[in-house]
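In case you want the letters, here they are:
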Amino acid sequence: MGLLEKLFGSHAFVKMLKLFYLNTGQVFPPREIALRTHTRPEVARRELRLLMDMGFIKKAAQTVEEPSPEKDKKPLKHKVHGYTLDSSFQLLNELRDLVLTVAPISKQEITNRLRRVGRVKLVVLSGIFLKRGDSRIDMLIVGDALKKGQLDLTLRSIESEVGKELSYALLETSDFKYRLGMNDKFVRDVFDYPHEVIIDKIGVIR
């Protein structure tokens with residue numbers, strides 16, 4: 001159990017705090033909250049009631065647009081009902097500093113999870129993992145014969161810990177080496193910005 005879980009007594013509660021803090025202004029229906037935090041619906045409902053009682057979230061509605069299934073048609077609009085962060089919460093900034101300062105998931109745990117999805121040769125973390133907002137992506141994964149289904153599940157589970165959707169890139173080893181040799185702008189940007197390599201079987205770090 002991590003530090004925040006010890007303080008708040010619930011892993012689901014902590015994941016919800018991060019979800020709302022990192023998606024300020026967005027309205028989440030209860031079902032989406034449960035899905036994005038990998039929480040059982042009944043547990044999600046219980047924690048949402050607690051967050052409402054605290055004044056941390058409030059009920060809200062939001063109009064969203066989705067692409068029309070018919071070509072050249074205007075986007076479809078519909079109203080979403082759910083919960084959003086209440087900016088008037090008394091301890092908004094103090095709690096944010098606490099929740100977002102503690103690492104949501106250790107780099108060793110990320111490494112362990114990604115090793116199960118195939119022949120992973122290189123993993124580079126950036127962006128949210130280093131608390132940066134100026135990075136091209138949050139994660140670069142290089143490998144071969146990756147199990148796409150397992151990889152997707154793994155990334156979704158990491159997202160639930162982090163509190164937001166990850167921006168990531170997948171490259172085969174040959175493609176990555178070619179881009180590296182050609183001084184490709186995308187690869188160069190990943191390594192020019194602050195980053196951390198947690199798996200390296202290619203020899204990028206010398």
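Here's a quick rundown of the structure. (Residues numbered from 1 in each chain as written. Predicted model: local features only at pLDDT ≥ 70, side-chain atom pairs only at ≥ 80, totals over all residues. Heavy atoms only, no water.)

### With respect to the side chain of Lys 18
So, step 1. Structurally, the position occupied by Lys 18 is in helix H2 (residues 11-21).
So, step 2. Here Glu 161 takes part through its backbone oxygen, which lies 3.4 Å from a polar atom of the side chain of Lys 18. (Helix = DSSP H or I, 4+ residues; strand = E, 2+ residues; numbered from the N terminus. Polar contact = N/O pair within 3.5 Å; in protein donor to acceptor, adjacent residues only side chain to side chain.)

### Comments concerning the pairing of strand E4 (residues 139-144)
So, step 1. Of all six residues that make up E4, six are buried, and the element is covered over most of its length.
So, step 2. Here E4 shows two buried faces, one formed by Met 139, Ile 141 and Gly 143 and the other by Leu 140, Val 142 and Asp 144.
So, step 3. For E4 and strand E5 (residues 168-171), the ladder comprises four bridges, and the chain directions are parallel. Bridge pairing in E5 links Met 139 to Tyr 168.
So, step 4. Each parallel crossover has a hand, and the one from E4 via helix H7 (residues 148-162) to E5 is right-handed. (Buried < 20%, exposed > 50% of the residue type's maximum accessible area, 1.4 Å probe, protein only. Pairing = 2+ DSSP bridges. Right-handed = clockwise from strand over helix to strand, strands pointing away.)

### Brief notes about the packing of aromatic side chains
So, step 1. Taken as a whole and assessed by the stated rule, the structure comprises five aromatic pairs.
So, step 2. Between Phe 20 and Phe 28, the ring centres sit 5.9 Å apart and the planes meet at 80°, which makes this aromatic pair edge-to-face. For the pair formed by Phe 20 and Phe 28, the shared burial category is buried.
So, step 3. Aromatic pair Phe 176 and Phe 191: ring centres 6.4 Å apart, planes at 50°, arrangement tilted. Separated by 15 residues along the polypeptide, Phe 176 in helix H8 (residues 173-181) and Phe 191 in helix H9 (residues 185-192) bring together distant segments of the chain.
So, step 4. Of the residues examined, Phe 176 reaches a relative accessible area of 0% and is grouped as buried.
So, step 5. Its relative accessible area of 19% is what places Phe 191 among the buried residues.
So, step 6. Taken together, the ring pairs connect Phe 20, Tyr 21, Phe 28, Phe 56 and Phe 89 into an aromatic cluster. (Phe/Tyr/Trp six-rings, centres within 6.5 Å; stacked < 30°, edge-to-face > 60°.)

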